[in-house]
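Read off the chains here:
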Amino acid sequence: MNRLRFRSGQVQLRKIRVDANTIIEAGDLLWLDGTFARPASDLVWDTDLATTQAGFAEKFLGIAHQASGPGDSLPISVDISSDSVYELDCSPGNYELGQPIGPDENSSSLMNQQIEAAPAGSAIARSAEFTNGTVASIRVTLCSAFCTSSSNVHAGLG
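Residues numbered from 1 in each chain as written. Predicted model: local features only at pLDDT ≥ 70, side-chain atom pairs only at ≥ 80, totals over all residues. Heavy atoms only, no water.

1. So, the pattern of salt bridges
Any two side chains of opposite charge can pair, on the condition that their charged atoms come close. Under the counting rule described, the total for this entry stands at five salt bridges. Across the pair Glu87 and Arg7 runs a salt bridge, and its minimum N-O distance is 3.0 Å. Of this pair, Glu87 sits in strand E7 (residues 85-93) while Arg7 sits in strand E1 (residues 6-8), and the two are 80 residues apart along the sequence. For Arg38, the salt bridge goes to Asp33, with nearest N and O atoms at 2.6 Å. Here the salt bridges share partners, and the residues they tie into one network are Arg3, Arg5 and Asp89. (Salt bridge = Lys/Arg side-chain N within 4 Å of Asp/Glu carboxyl O. Helix = DSSP H or I, 4+ residues; strand = E, 2+ residues; numbered from the N terminus.)

2. So, the nonpolar core
Formed by 20 residues in total, the largest nonpolar core has its most connected members in Leu29, Phe56, Ile115 and Val140. Going through the elements one at a time, strand E3 (29-33), helix H1 (49-59), strand E5 (60-64), E7, strand E9 (110-117) and strand E11 (135-142) are the ones with two or more residues in this core. Membership of the second largest hydrophobic core comes to 11 residues, among which are Ile24, Ala37, Ile76 and Ile80. (Core = buried A, V, L, I, M, F, W, Y, C linked by side-chain atoms within 4.5 Å. Buried < 20%, exposed > 50% of the residue type's maximum accessible area, 1.4 Å probe, protein only.)

3. Looking at the environment of Thr22
Following the sequence through the fold, Thr22 ends up in the loop between strand E2 (13-16) and E3. On the basis of relative accessible area, Thr22 is assigned to the buried category, the value being 3%. Sequence-wise, Thr22 and Asp72 are 50 residues apart; in three dimensions their C-alpha atoms are separated by 8.2 Å. Look past the residues within four positions of Thr22 in its chain and what remains in contact with it is Ala37, Arg38, Pro39, Asp42, Ser68 and Gly69. At 2.7 Å, the side chain of Thr22 forms a polar contact with the side chain of Arg38. (Contact = heavy atoms within 4.5 Å. Polar contact = N/O pair within 3.5 Å; in protein donor to acceptor, adjacent residues only side chain to side chain.)

4. Quick word on the sheet that holds strand E6 (residues 76-79)
The strand order across the open sheet built from five strands is E2-E6-E5-E3-E4, with neighbouring strands paired in antiparallel fashion. Bordering the open sheet on either side are E2 and strand E4 (36-39), each of which pairs with just one other strand. With strand direction ignored, the average angle separating the axes of adjacent strands in the sheet is 50°. Where E5 meets E6, two bridges bridge the pair, whose relative direction is antiparallel. In the sheet register, Ile63 faces E6, and the bridge partner there is Asp79. Most of the contacts of H1 go to E3, to which it runs at about 75°, and overall it touches E3 and E5. (Pairing = 2+ DSSP bridges. Axes fitted to C-alpha atoms, helices over the stretch in contact; angles between N-to-C directions.)

5. Description of the packing of aromatic side chains
A full pass over the atoms with the stated rule returns two aromatic pairs. Ring centres of Phe6 and Tyr86 lie 5.5 Å apart, and the angle between their planes is 65°; this geometry places the pair in the edge-to-face category. With a gap of 80 residues between them, Phe6 in strand E1 and Tyr86 in strand E7 connect regions that are remote in the sequence. Under the relative-accessibility criterion, Phe6 is labelled partly exposed at 32%. Judged by relative accessible area, which is 0%, Tyr86 ranks as buried. Between Phe56 and Phe60, the ring centres sit 5.6 Å apart and the planes meet at 45°, which makes this aromatic pair tilted. Like Phe56, the residue Phe60 is buried in the burial classification. (Phe/Tyr/Trp six-rings, centres within 6.5 Å; stacked < 30°, edge-to-face > 60°.)

The structure is reproduced here in structure tokens:
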């Protein structure tokens with residue numbers, strides 16, 4: 001899909017290892033599995049959407065700035081900044097400024113590049129704008145578990 005839609009702000013790129021069997025597209029929401037970046041859809045489904053989103057939030061890295069194809073094992077750049085703004089596809093709906101956002105799901109699997117409203121404890125982003133009416137994409141700021149300035153509840157040190 002390769003839909004990286006950076007809109008504004010300060011990025012904090014980190015080089016993260018990728019397993020040669022993992023396919024990542026630019027714009028994918030990523031989590032850390034041991035020492036490897038993986039897309040949201042690779043997280044094992046756990047009971048329901050809320051539980052799976054919470055598990056994803058605990059390990060949420062950020063958004064991929066580079067793709068990694070089959071057989072590639074070179075590290076890729078991932079933005080973990082809470083100051084950057086991205087536009088992502090979303091479940092149609094109304095969104096409030098600061099609303100907690102989590103990955104959307106499709107048939108008991110998280111989606112790599114689509115988001116929806118989520119409980120605060122499961123949030124990986126916050127809405128960066130108010131929408132007046134149903135929208136298909138929204139601007140968000142990230143809440144990486146690996147950025148201490150993030151509002152992710154798992155971002156604290158030790």
